[in-house]
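What follows is the residue order along each chain.
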Amino acid sequence: MFSRYVFQLILIILLAPAPAVATDLSFGPNAQEMLLMPPYCKVKFTAPQGSPEWQAWRDRLGENFIDLHHYCAALNFVNRYWGARSALDRSYYLKEAMDNFNYMVKAAKPDFPLLADLYSNRGDVFKLQGRPGQAMEDYDQAIKSNPHLIRPYLQLIDLYQGEKKRNKSLEVATDGLRNNPDSKAMQRRYLELGGKRPFPKPVQTEAAKTGPDANSESDATAVAAPVDTPPEPTPKIGSPTNPYCRFCP
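Residues numbered from 1 in each chain as written. Predicted model: local features only at pLDDT ≥ 70, side-chain atom pairs only at ≥ 80, totals over all residues. Heavy atoms only, no water.

Bringing the overall build of the chain into the picture now. When you go through the chain residue by residue, the secondary structure sums to 13 helices and zero strands. Going from the N terminus to the C terminus, the chain shows its helices and strands as α-α-α-α-α-α-α-α-α-α-α-α-α. When the 249 residues of the chain are sorted by exposure, 37% land in the buried category. Of the contacts made within the chain by residues no fewer than 6 positions apart, 51% connect residues no fewer than 24 positions apart. Counting every atom, the chain has about 15800 Å² of accessible surface; 57% of that belongs to carbon and sulfur. (Helix = DSSP H or I, 4+ residues; strand = E, 2+ residues; numbered from the N terminus. Buried < 20%, exposed > 50% of the residue type's maximum accessible area, 1.4 Å probe, protein only. Contact = heavy atoms within 4.5 Å. Areas by Shrake-Rupley, 256 points an atom, 1.4 Å probe, with all protein chains shown as cover.)

A separate point is unusual backbone geometry. Between arginine 197 and the following residue, proline 198, the backbone shows a cis peptide bond with an omega angle of -5°. Relative to the assigned elements, proline 198 resides in the loop between α11 (184-192) and α12 (203-210). Notably, lysine 164 is not glycine yet its phi reads approximately 60°, a positive angle. You can see lysine 164 is positioned in the loop between α9 (150-162) and α10 (166-179). By relative accessible area, which is 75% here, lysine 164 ends up exposed.

So, about the nonpolar core. Core analysis: the biggest nonpolar cluster contains 52 residues, and Tyr40, Leu68, Tyr71, Phe101 and Leu118 have the highest contact counts within it. No other element matches helix α5 (residues 68-83), which puts nine residues into this core. Apart from the residues within four sequence positions on either side, leucine 118 is in contact with Tyr71, Phe101, Met104, Val105 and Ala108. (Core = buried A, V, L, I, M, F, W, Y, C linked by side-chain atoms within 4.5 Å.)

The next point concerns the confidence of the model for the chain. Put simply, the chain has an average pLDDT of 81, and 72% of its residues get 70 or more. Overall, residues 9-21 carries pLDDT values under 50, and its contacts beyond four positions in sequence, including any with other chains, amount to three contacts. Predicted confidence for residues 210-249 stays below pLDDT 50, and this span has 24 contacts to residues more than four positions away or in other chains. (pLDDT = per-residue confidence, 0-100.)

Note on placement: alanine 142 falls in helix α8 (residues 132-145). Sequence separation between alanine 142 and aspartate 117 is 25 residues; the distance between their C-alpha atoms is 6.7 Å. The residues contacting alanine 142, other than those within four sequence positions of it, are Ala116, Tyr119, Ser120 and Pro152.

All chains considered together, the criterion is met by one disulfide. The disulfide bridge from cysteine 41 ends at cysteine 72, spanning 2.0 Å between sulfur atoms. Disulfide cysteine 41-cysteine 72: torsion about the S-S bond near -90°, hence left-handed. You can see cysteine 41 sitting in helix α3 (residues 39-46) and its partner cysteine 72 sitting in helix α5, a full 31 residues away along the chain. Neither cysteine 41 nor cysteine 72 differs from the other in exposure class; each is buried. (Disulfide = S-S within 2.5 Å.)

Looking now at α3. Buried within α3 we find Tyr40, Cys41, Val43 and Lys44. Burial along α3 is one-sided: seen end-on, the buried residues are contained in an arc of 160°. Summarising the contacts, the buried residues of α3 are in contact with α2 (31-34), α4 (52-61) and α5. (Arc of directions from axis to C-beta.)

Let us now look at the packing of helix α6 (residues 87-107) against helix α7 (residues 115-128). Contact geometry of α6 with α7 gives a least axis separation of 10 Å together with a crossing angle of 145°. Taken as a pair, α6 and α7 cross one another with a handedness that is left-handed. Judged by residue contacts, Leu94, Ala97, Met98, Phe101, Asn102, Met104 and Val105 of α6 engage Leu118, Tyr119, Asn121, Arg122, Val125, Phe126 and Leu128 from α7. Here the contact of α6 with α7 is built from residues that sort into eleven nonpolar, two polar and one charged. (Axes fitted to C-alpha atoms, helices over the stretch in contact; angles between N-to-C directions. Left-handed = near helix turned anticlockwise from the far one by under 90°. Nonpolar A, V, L, I, M, F, W, Y, C, P; charged D, E, K, R; others polar.)

Attention now moves to the packing of aromatic side chains. Counted under the stated rule, the structure contains seven aromatic pairs. Between lysine 44 and the ring centre of phenylalanine 65, over which it is positioned, the NZ or CZ distance is 4.9 Å. (Phe/Tyr/Trp six-rings, centres within 6.5 Å; stacked < 30°, edge-to-face > 60°. Lys NZ or Arg CZ within 6 Å of the ring centre and 35° of its normal.)

Moving on: α8. The end-to-end C-alpha separation of α8 is 20 Å, in line with the 20 Å expected for 14 residues at 1.5 Å each. Among the residues of α8, Ala135, Met136, Asp138, Tyr139, Ala142 and Ile143 are the ones counted as buried. Down the axis of α8, the buried set is contained in an arc of 165°. They therefore lie on one face. Among the exposed residues of α8, those pointing more than 90 degrees away from its buried face are Glu137 and Lys144. In this structure, the buried residues of α8 make contact with α7, α9 and α10. (Expected span 1.5 Å × (residues − 1).)

Put into structure tokens, the structure is as follows:
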């Protein structure tokens, strides 16, 4: 009788479903994932060190190219997060992404060209982890590093709207539009939040007026001309000798 129960217990253990684990634990992207990677990540993971393409990106991205595999791995873990089917997988991928983003933030030099993208992407992970305060800090840092990056403005707007802070959302949209006057996304969000036309004047125009050449009328006019709408020309009517006569044949 005892041996029968032992046999049944062993059978239950063997037939029990294995605990769910993340489907891909590898650090680097596979061949299919590599298709979604930025070009510098493809070079970092596949090009021989010292090759012409490796050196070209090393010169372009600077000293932090040596650490770039952490940033690329973090991006890939985020991609895996969006394709994961289980909550355990998604949690694992976010943790791995955060660990690698944190490593890169600590290693990043002030002149790292991808610094704004780094903070913006880490802000996305904070947001997905349900940590809005830290996400806001990273989005603010991304904007300080590069005020022409659109995504952190839009993410900040969404977070402030989630907190019912409409005025703060409009403030961010206004700042984003002044730094990116041609962005259709920023224009749309600005209007949705209650902003009015005409749109805020671009930062470049105001900076030019207060710059070292502010006293130069010709320079100020040259900068302001594309922003201000020129008056429409008065239509010519009347006769060739008197085009402004309304009653001439």
